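# Topology and contacts: notes
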2 protein chains.
Amino acid sequence: MTADQTGVAAWESLLRVHAALVPILDREVQRATGLPLAWYDVLLELNSAPNRRLRMTDLADRVVLSRTRVSRIVDELVSHGLVARDDNPADRRSAYAVLTAEGRRRFRAAAPVYLAGIARHFSDQLTQVEANAVRSAMRKVLRAQRG
Amino acid sequence: MTADQTGVAAWESLLRVHAALVPILDREVQRATGLPLAWYDVLLELNSAPNRRLRMTDLADRVVLSRTRVSRIVDELVSHGLVARDDNPADRRSAYAVLTAEGRRRFRAAAPVYLAGIARHFSDQLTQVEANAVRSAMRKVLRAQRG
DNA sequence: AGCTTGTGTGTGCGCACGCACCTATGGTAG
DNA sequence: CTACCATAGGTGCGTGCGCACACACAAGCT
């Protein structure tokens, strides 16, 4: 197998893993916690942000979703009391999404379910060396993408 | 970093790579060849199938798409003359999707563009050892999934 | 101040996607 | 042969998603 074929095969297997696992994880999280995966992602990023708040654009950059989609998901989270929209006094164009106490609680409840799902369907199939190899390869690809 | 954190980080970086590259490859293929990525995937599987034909269900199993979606994409491909629906004389419930000569021609024209995109955005960032590591890790995950 | 350009968000709209359901045929038991 | 369940495939419909656009504000230049 040539180098080119190996790279293509790696990419195609990555696509298959993504297609197989994402729906499974989504269902598992939603069944166990009531949170769609996209909501969870947003809560996760907000939870790990300074003051548990992010401007919409920054949030969209961190989450694997378009800015448009983030705007709408934040709408839904606000209507469920998990997130609040907060004005930015330094720039009246921008809005902060801030995690509420309830949002934080729901996130903390959901996190173990999500992590367990990743472990069961993904990490547990790999040695730590393999997982590290995947992570470092993905980071190299991402770094090239941004540059 | 614990084993668990490494696995989760690997999964999250995989999600980011997928989210970043798929739209780029889709645009590149579509701009250069007029074929949406989903069409390309279907043509690819048909092209490498025996007699360049597959039953709808088998096609859906191979492609990273639902059976529903495949049915509709085959409709579009038929209306563009790239694929034909063929009856299966042995089982009148089932239908074959068969690559036409024109479909084969279009696929062959598109393949280099797609492969070049994968190389440029993905494979070229990795050594062959790294690409092989990713491929073998993904296969292990997939194997566990099916079993 | 006025004008221009750039940035941060929200929204109308159309496409992609898959679930639930339906029909048609095949296979099997009695 | 009839009854029944399983399998192949297509379709109505709702949802997720992002592009293109609109709008508000910021920042810099003359």
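Our subject in this report is the structure included herewith. (Residues numbered from 1 in each chain as written. Chains lettered and ligands numbered in written order. Predicted model: local features only at pLDDT ≥ 70, side-chain atom pairs only at ≥ 80, totals over all residues. Heavy atoms only, no water.)

Attention now moves to the layout of surface pockets. Each pocket or cavity is described by its volume, and for the largest pocket that value is around 650 Å³. Of the residues contributing to the lining of the largest pocket, the split by class is 11 nonpolar, 3 polar and 9 charged. (1 Å grid on protein atoms, 1.4 Å probe; cavity = no way out; pocket = protein on both sides within 12 Å on 5 of 7 lines; lining within 4 Å. Points joined across faces, edges and corners; volume = space filled by probe spheres on them. Nonpolar A, V, L, I, M, F, W, Y, C, P; charged D, E, K, R; others polar.)

The subject of this paragraph is the interface of chain B and chain A. Contact with chain B, which involves 52 residues of that partner, is made by 52 residues of chain A. Taken over both partners, the interface formed by chain B and chain A buries close to 4800 Å², and the fraction arising from carbon and sulfur atoms is 73%. At the surface where chain B touches chain A, the tally comes to 4 salt bridges. Our count for the contact surface shared by chain B and chain A stands at 9 residue pairs in polar contact (both at pLDDT 80 or more). Put simply, the parts of the chain that give the side of chain B that touches chain A at least two residues each are α1 (3–33), α2 (37–47), α3 (56–62), α5 (101–121) and α6 (128–146) of chain B. In terms of residue count, the dominant contributor to the side of chain B that touches chain A is α1 of chain B (21 residues). Residue classes in the side of chain B that touches chain A are distributed as 31 nonpolar, 12 polar and 9 charged. (Contact = heavy atoms within 4.5 Å. Buried area = accessible area lost by both parts, 1.4 Å probe. Salt bridge = Lys/Arg side-chain N within 4 Å of Asp/Glu carboxyl O. Polar contact = N/O pair within 3.5 Å; in protein donor to acceptor, adjacent residues only side chain to side chain. Helix = DSSP H or I, 4+ residues; strand = E, 2+ residues; numbered from the N terminus.)

What follows concerns the side chain of S94 of chain A. Residue and element names in this part refer to chain A. Following the sequence through the fold, S94 ends up in the loop between β2 (83–87) and β3 (95–99). Assessed through its relative accessible area of 13%, S94 is described here as buried. Within polar-contact distance, the side chain of S94 engages the side chain of N88 at 2.9 Å. Leave out the neighbours within four places in its chain, and S94 touches R55 and N88. (Buried < 20%, exposed > 50% of the residue type's maximum accessible area, 1.4 Å probe, protein only.)

Turning next to the nonpolar core. Counting residues in each nonpolar core, the largest one holds 84 residues, and the members touching the most others are W11 and F122 of chain A together with W11 and F122 of chain B. Once you skip the residues sitting within four places of it in the chain, F122 of chain B turns out to touch G7, A10, W11, L14, M138 and V141 of chain A together with V17, L21 and G117 of chain B. (Core = buried A, V, L, I, M, F, W, Y, C linked by side-chain atoms within 4.5 Å.)

Next up on the list: the packing of helix α2 (residues 37–47) of chain A against helix α5 (residues 101–121) of chain A. Residues and elements named next belong to chain A. Closest axis-to-axis distance for the α2/α5 pair is 10 Å, and the angle between their directions is 115°. Between α2 and α5, the interaxial angle falls into the category roughly perpendicular. When the axes of α2 and α5 are compared, the crossing they make is left-handed. Touching L37, Y40, L43, L44 and N47 of α2 are G103, R104, F107, A110, A111 and Y114, all from α5. Considering only residue class, the contact of α2 with α5 consists of 8 nonpolar, 2 polar and 1 charged. (Axes fitted to C-alpha atoms, helices over the stretch in contact; angles between N-to-C directions. Parallel < 35°, antiparallel > 145°, perpendicular 65-115°, else oblique. Left-handed = near helix turned anticlockwise from the far one by under 90°.)

What follows concerns the protein's contact with DNA strand C. Neighbouring DNA strand C are 19 residues, the closest being R27, T57, R85 and R93 of chain A together with S66 of chain B. Within 4 Å of the protein, atoms of DNA strand C come from sugar and phosphate in 52% of cases. Within the backbone of A95 of chain A, a nitrogen or oxygen atom sits 3.3 Å from a phosphate oxygen of DNA strand C. Here R93 of chain B contributes a side-chain N or O atom positioned 3.4 Å from a base oxygen of DNA strand C. Broken down by element, the residue count for the surface near DNA strand C peaks at 4 residues, all from helix α4 (residues 67–79) of chain A. (Near = heavy atom within 4 Å.)

Residue and element names in this part refer to chain A. Here 3 strands make up an open sheet; going across it, the order is β1-β3-β2 and the pairing antiparallel. Looking at strand neighbours, the two that pair on one side only are β1 (53–55) and β2, the edges of this open sheet. Neighbour to neighbour, the strand axes of the sheet diverge by 30° on average, direction disregarded. Across 5 bridges, β2 lies against β3 in antiparallel orientation. Across the sheet, residue V83 finds its bridge partner in β3, namely L99. (Pairing = 2+ DSSP bridges.)

Right, let's talk about the relation of the copies chain B and chain A for a bit. With an axial shift of 0.0 Å and an RMSD of 0.1 Å, the rotation relating chain B to chain A amounts to 180°. One copy is carried onto the other by what is essentially a two-fold rotation axis. Proximity to the rotation axis, assessed at the C-alpha, singles out V134 of chain B in chain B; its C-alpha lies 2.8 Å from the axis. A share of 100% of the interface residues of chain B reappears at the interface of chain A, consistent with the copies meeting face to face through the same patch. (Least-squares fit on C-alpha atoms with pLDDT ≥ 70 in both.)

Residue and element names in this part refer to chain B. Sheet architecture is open: 3 strands sit in the order β1-β3-β2, paired in antiparallel fashion. Sheet topology places β1 (53–55) and β2 (83–87) at the edges, where each strand pairs with a single neighbour. The average angle at which neighbouring strand axes cross in this sheet is 30°, direction not considered. Helix-sheet contacts for helix α4 (residues 67–79) involve β2 and β3 (95–99), and the interaxial angle to β2 is about 115°.

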